[in-house]
Amino acid sequence: MWRWRLGQRRCSSMSGTWCLGFSGRSSAPWMPTPAPAVPVWPLTQRELGRRASGPGLLDRVMADGLDAVVDPSDPPDLSGYLHAAVAGGLPQAALSPDPGFRRRWYASYLEQVVTRDAEDISAGRDPVRLRRYLDVLAETTAGLPTDTTLVEAGGINVRTAAAYDRLLQALGVLDVVPAWSANRLKRLTQRGKRYLTDGGLVAAALRTDAPSLLRDGALMGPILDTYVTAQVRAEASASDAMPRLYHLRDRDGHEIDLLLDYGRRGQLAIQVKATS
């Protein structure tokens with residue numbers, strides 16, 4: 001299920017989209033053609049544990065139903081899941097056994113995102129305001145904040161917030177999961193659920209760690225939701241079934257954290273619960 005492929009050419013300086021380029025011998029003159037943008041998400045636990053061979057979980061569920069879901073023989077406890085969440089999935093940090101190094105790397109990464117990477121894509125952005133907005137997104141990850149909440153907390157206007165959203169999505173730092181409805185047209189009118197794409201980014205932005213999260217119930221749930229969604233997002237992008245990710249929330253506040261839509265083949269609901 002590895003999403004890193006031989007011959008790929010990077011399009012952005014740190015994260016987000018990559019372009020695939022191929023070379024070969026041919027008698028015809030070579031002509032440049034547009035390469036498709038392929039999202040590259042943080043590594044999953046399957047990949048970090050070198051268990052990425054064979055079909056992914058989402059394809060197995062599509063083929064075998066919920067019988068494909070097997071509990072691990074030695075599952076992590078709540079503390080273990082939180083440690084995995086803050087370790088993140090960006091390889092330079094996630095593959096290091098040193099938590100201190102991971103924290104420093106993610107902090108440095110965030111600074112580079114709001115300075116050099118943002119400048120490469122959209123020159124002239126104020127890195128101080130962009131970083132403040134990124135911190136607000138970390139505080140509200142896996143949530144449904146209103147535009148008013150975001151712009152007031154970030155000290156910017158709606159137009160600037162929309163520009164920052166586009167920029168951070170282009171950098172692969174922000175993902176907005178749309179709302180699902182039986183009426184497809186209604187999906188476009190409901191608020192999307194906003195996620196920073198990696199738990200390590202959230203922890204670095206908020207300067208927190210797993211022991212602190214165990215004492216912070218308000219943030220524990222959202223960061224676990226962010227962690228699970230990072231796994232599912234990457235699995236979905238590599239799935240032959242190509243499910244689309246949504247969330248669902250009704251007018252009474254009942255919600256489903258993630259809803260994978262397999263088209264006419266059905267949907268799969270995923271609910272994230274923080275229990276010890």
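As a reminder, the structure under discussion sits directly above these lines.
Remember, predicted model here, so these are calculated numbers, not experimental data. (Residues numbered from 1 in each chain as written. Predicted model: local features only at pLDDT ≥ 70, side-chain atom pairs only at ≥ 80, totals over all residues. Heavy atoms only, no water.)

Turning to the overall build of the chain, a few remarks are in order. When its secondary structure is counted, the chain shows 11 helices and 8 strands. Within the span of the chain, comprising 276 residues, buried residues form 46% of the whole. Long-range contacts, defined here as pairs at least 24 residues apart, represent 59% of the contacts in the chain between residues at least 6 apart. Accessible surface for the chain amounts to roughly 15400 Å². Of this, 53% is attributable to carbon and sulfur atoms. (Helix = DSSP H or I, 4+ residues; strand = E, 2+ residues; numbered from the N terminus. Buried < 20%, exposed > 50% of the residue type's maximum accessible area, 1.4 Å probe, protein only. Contact = heavy atoms within 4.5 Å. Areas by Shrake-Rupley, 256 points an atom, 1.4 Å probe, with all protein chains shown as cover.)

Quick look at the nonpolar core now. Core analysis: the biggest nonpolar cluster contains 42 residues, and L82, Y133, L168, V173 and L196 have the highest contact counts within it. Elements with a contribution of two residues or more to this core: helix 3 (78-87), helix 5 (99-121), helix 6 (127-139), helix 7 (147-154), helix 8 (158-170), helix 9 (199-206), helix 10 (210-214) and helix 11 (217-237). Beyond its immediate stretch of four places on either side in the chain, Y133 contacts L150, I156, A161, Y164, D165, L168 and R194. In this structure, A142, V177, Y195 and A241 belong to the second largest nonpolar core, which totals 15 residues. (Core = buried A, V, L, I, M, F, W, Y, C linked by side-chain atoms within 4.5 Å.)

Attention now goes to the side chain of T226. With respect to the secondary-structure elements, T226 resides in helix 11. A polar side-chain atom of T226 sits 2.8 Å from a polar atom in the side chain of T141. (Polar contact = N/O pair within 3.5 Å; in protein donor to acceptor, adjacent residues only side chain to side chain.)

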